[in-house]
Amino acid sequence: MRWLITGGCGFIGTSLIAALEAEGNHAIRVIDNLTVGSAAALAGVGSVHRLDAATLRPLGRGGNAGVELVVGDILDAGLLIRAAAGADVLVHLAASTGVQQSLDDPMSDCRANVEGTLNALLAARTARVERFVFASSGAPLGAADPPIHERLAARPMSPYGASKLAGEGYCSAFAHGFGLATVALRFSNVYGPRSSHKGSVVAKFVRRALAAEPLELFGDGGQTRDFIYIDDLVRAIRLAATVPGIAGELFQIATSRETSVGELADTLVPILRDAGVTNVAVRHAPPLAGEMRRNFADTTKARDRLGWSAEVGLAEGLRRTVRWYLDRPAG
Ligand SMILES: NC(=O)c1ccc[n+]([C@@H]2O[C@H](COP(=O)([O-])OP(=O)(O)OC[C@H]3O[C@@H](n4cnc5c(N)ncnc54)[C@H](O)[C@@H]3O)[C@@H](O)[C@H]2O)c1
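Keep in mind that this is a model prediction, so the values were computed, not measured.

## Concerning the overall build of the protein
Here's step 1: Broken down by element type, the protein carries 11 helices and 14 strands.
Here's step 2: Principal-axis analysis of the C-alpha atoms places the extent of the protein at approximately 55 × 45 × 40 Å.
Here's step 3: Within the protein, the proportion of its 331 residues that are buried is 51%.
Here's step 4: Taking as baseline every contact in the protein between residues at least 6 positions apart, the subset at least 24 positions apart corresponds to 82%.
Here's step 5: Accessible area for the protein stands at about 14,200 Å²; split by element, carbon and sulfur atoms hold 52% of it.
Here's step 6: For the protein, the separation between the mean place of its 34 positive charges and that of its 33 negative charges on side chains is 2 Å.

## Considering the packing of helix H9 (residues 261-274) against helix H11 (residues 314-327)
Here's step 1: It is the contact of H9 with H11, at a shortest axis distance of 10 Å, that shows an interaxial angle of 50 degrees. Compared by their axis directions, H9 and H11 come out oblique. The crossing of H9 and H11 is right-handed. Counted together, Leu264, Thr267, Leu268, Ile271 and Leu272 of H9 and Leu314, Ala315, Leu318, Arg319 and Val322 of H11 form the full contact between these two elements.
Here's step 2: Of the residues in the contact of H9 with H11, the class split is 8 nonpolar, 1 polar and 1 charged.

## Side note on helix H1 (residues 11-23)
Because the α-helix completes a turn every 3.6 residues, residues three or four places apart line up on one side.
Here's step 1: Between its terminal C-alpha atoms H1 stretches 19 Å, which fits the 18 Å expected from 13 residues at 1.5 Å a residue.
Here's step 2: Regarding H1, the residues found buried are Phe11, Ile12, Gly13, Thr14, Ser15, Leu16, Ile17, Leu20 and Glu21.
Here's step 3: Just downstream of H1 lies Gly24, where phi reads positive at about 80 degrees.

## Here's the deal with the sheet that holds strand E12 (residues 249-253)
Here's step 1: The sheet built from 8 strands is open, its strands ordered E3-E4-E2-E1-E5-E6-E7-E12 with parallel pairing. Taken across any chain shown, the strands that pair with only one partner, and hence form the sheet edges, are strand E3 (48-51) and E12. Ignoring strand direction, the axes of neighbouring strands in this sheet form an average angle of 20 degrees.
Here's step 2: In this sheet, strand E2 (residues 27-32) lies alongside strand E1 (residues 2-6) in parallel orientation, the contact comprising 5 bridges. Bridging from a neighbouring strand, Ile5 pairs with Val30 of E2.
Here's step 3: Contacts from helix H8 (residues 230-240) reach E1, strand E5 (89-92), strand E6 (131-137), strand E7 (182-187) and E12 within the one sheet, and its direction differs from that of E7 by about 165 degrees.

## What to know about the site of the ligand
Here's step 1: Taken together, 28 residues are adjacent to the ligand, and Asp32, Leu93, Tyr160, His197 and Lys198 come closest.
Here's step 2: Note that an oxygen atom of the ligand is positioned 3.1 Å from one of the backbone N or O atoms of Gly37.
Here's step 3: Val190 places a main-chain nitrogen or oxygen 3.0 Å from an oxygen atom of the ligand.
Here's step 4: The element that contributes the greatest number of residues to the shell around the ligand is E6, accounting for 3 residues.
Here's step 5: The residue makeup of the shell around the ligand, split by class, is 13 nonpolar, 11 polar and 4 charged.

## Some points on the environment of Glu316
Here's step 1: Considering the arrangement of structural elements, one finds Glu316 in helix H11.
Here's step 2: Sequence separation between Glu316 and Pro147 is 169 residues, and the spatial gap between their C-alpha atoms is 23 Å.

## So, the packing of aromatic side chains
Between two aromatic rings, the relevant description is the distance of the centres plus the angle of the planes.
Here's step 1: Summed over all chains, the structure comprises 3 aromatic pairs.
Here's step 2: Ring geometry for Trp324 versus Tyr325: centroids 5.1 Å apart, planes at 90 degrees, classification edge-to-face.
Here's step 3: Seen from the ring of Phe178, Arg125 lies directly overhead, with NZ or CZ sitting 4.2 Å from the centre.
Here's step 4: The ring of Phe251 has Lys301 lying over it, and the distance from NZ or CZ to the ring centre is 4.9 Å.

## Observations regarding the environment of Gly276
Here's step 1: Structurally, the position occupied by Gly276 is in the loop between H9 and strand E14 (282-285).
Here's step 2: Overall, Gly276 belongs to the exposed group, its relative accessible area being 54%.

## What to know about the domain arrangement of the protein
Here's step 1: Assigned domains of the protein: these are domain 1 (2-191 + 228-256 + 300-306) and domain 2 (201-225 + 258-296 + 313-327).
Here's step 2: Computed over C-alpha atoms only, the centres of domain 1 and domain 2 are separated by 27 Å.
Here's step 3: Opposite the 10 residues of domain 1 that make contact, domain 2 presents 13 residues.
Here's step 4: Summed over both sides, the interface between domain 1 and domain 2 buries roughly 1,000 Å², with carbon and sulfur atoms accounting for 62% of that surface.
Here's step 5: Three residues, Pro146, Tyr191 and Tyr229, lead the burial of domain 1 against domain 2; their summed loss comes to 51% of the area buried on that side.
Here's step 6: Taken together, the links from domain 1 to domain 2 amount to 1 salt bridge.
Here's step 7: Linking Asp231 and Arg320 is a salt bridge whose minimum nitrogen-to-oxygen distance equals 3.6 Å.
Here's step 8: Inspection of the region where domain 1 meets domain 2 yields 1 residue pair in polar contact (both at pLDDT 80 or more).
Here's step 9: A class-by-class count of the residues in the side of domain 1 that touches domain 2 yields 6 nonpolar, 3 polar and 1 charged.

Calculation notes
Residues numbered from 1 in each chain as written. Predicted model: local features only at pLDDT ≥ 70, side-chain atom pairs only at ≥ 80, totals over all residues. Heavy atoms only, no water. Helix = DSSP H or I, 4+ residues; strand = E, 2+ residues; numbered from the N terminus. Buried < 20%, exposed > 50% of the residue type's maximum accessible area, 1.4 Å probe, protein only. Contact = heavy atoms within 4.5 Å. Areas by Shrake-Rupley, 256 points an atom, 1.4 Å probe, with all protein chains shown as cover. Lys, Arg positive; Asp, Glu negative; His and termini not counted. Charge placed at Lys NZ, Arg CZ, Asp CG, Glu CD. Axes fitted to C-alpha atoms, helices over the stretch in contact; angles between N-to-C directions. Parallel < 35°, antiparallel > 145°, perpendicular 65-115°, else oblique. Left-handed = near helix turned anticlockwise from the far one by under 90°. Nonpolar A, V, L, I, M, F, W, Y, C, P; charged D, E, K, R; others polar. Expected span 1.5 Å × (residues − 1). Pairing = 2+ DSSP bridges. Near = heavy atom within 4 Å. Polar contact = N/O pair within 3.5 Å; in protein donor to acceptor, adjacent residues only side chain to side chain. Phe/Tyr/Trp six-rings, centres within 6.5 Å; stacked < 30°, edge-to-face > 60°. Lys NZ or Arg CZ within 6 Å of the ring centre and 35° of its normal. Domains from an automatic or database assignment. Buried area = accessible area lost by both parts, 1.4 Å probe. Salt bridge = Lys/Arg side-chain N within 4 Å of Asp/Glu carboxyl O.

Take a look at the structure:
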């Protein structure tokens, strides 16, 4: 298959590309503005051919010919249209990903996540792709009582949640209005290898432990999240790109397990110790204002319609993550 992956130099993008490269027989093109991800991160999962944005040709059936990288912005609608030509699947990952960032600058968040997603959908429609997969999040649901699921009314509590909700709305509109086979996936808290630049709690904990700094629990550490290992998430994206009969649908992609941040630390510390990272301290810090107390998702719909459920347990996922952080080249 021929894939265009926006934001393909980031955490989830490079992990998806590593899985596709391992399968073989895919032609892969990435468009990324390199504000967060890097060409070096992409090169870590396959050979990279940087394309000149001015002379783009339609994506051909390559098959192990390496990953094509177009350095450019999803706000450049014309470039996205040219980059998508020839693609069978468009996976739209590029986004402004921070909740705090969206509170600081709602307009930039809106441009990247609403206008950028609309540009990606227009490019997908022009290219007549067979499937458009959109990376959404639990944020559109705000502080809904868990387990969260697809039938709950959305009530975002941040501009990031609002912009992801708008993206879901446009996916639905393009499915019904233009017959474009869109699928929106609401990822829970993703962790795993290739996440070293992320601000999520697992990435922060591992980074701090390796820097001999204490892990910080805000308040009593009893706030809960649904931590999903990257390989499970990539498998969900892979299925969303191909499973028939799901055009226009929305899925929660999570483990359905509620884990407190305190439990996360309790699971992680012995794993770090077994890997040779000893004397990891845990310290309590004042509660964060406005932090959500509980969050996890019901993934029944993904199981029934996508044939997907998470398989990697937290301890195993953390072991693999710690191993990656320890083995990765310095720098
Ligand atoms: N990681 C998670 O836990 C999580 C949870 C829910 C949803 N998501 C969503 O999944 C997607 C991927 O997340 P990630 O964790 O890989 O993030 P990431 O920041 O690692 O990757 C995003 C990539 O997009 C690129 N990018 C950003 N703005 C761009 C623009 N305007 N034009 C072109 N490229 C741009 C960045 O350079 C980066 O390489 C995002 O849409 C994010 O909102 C992630």
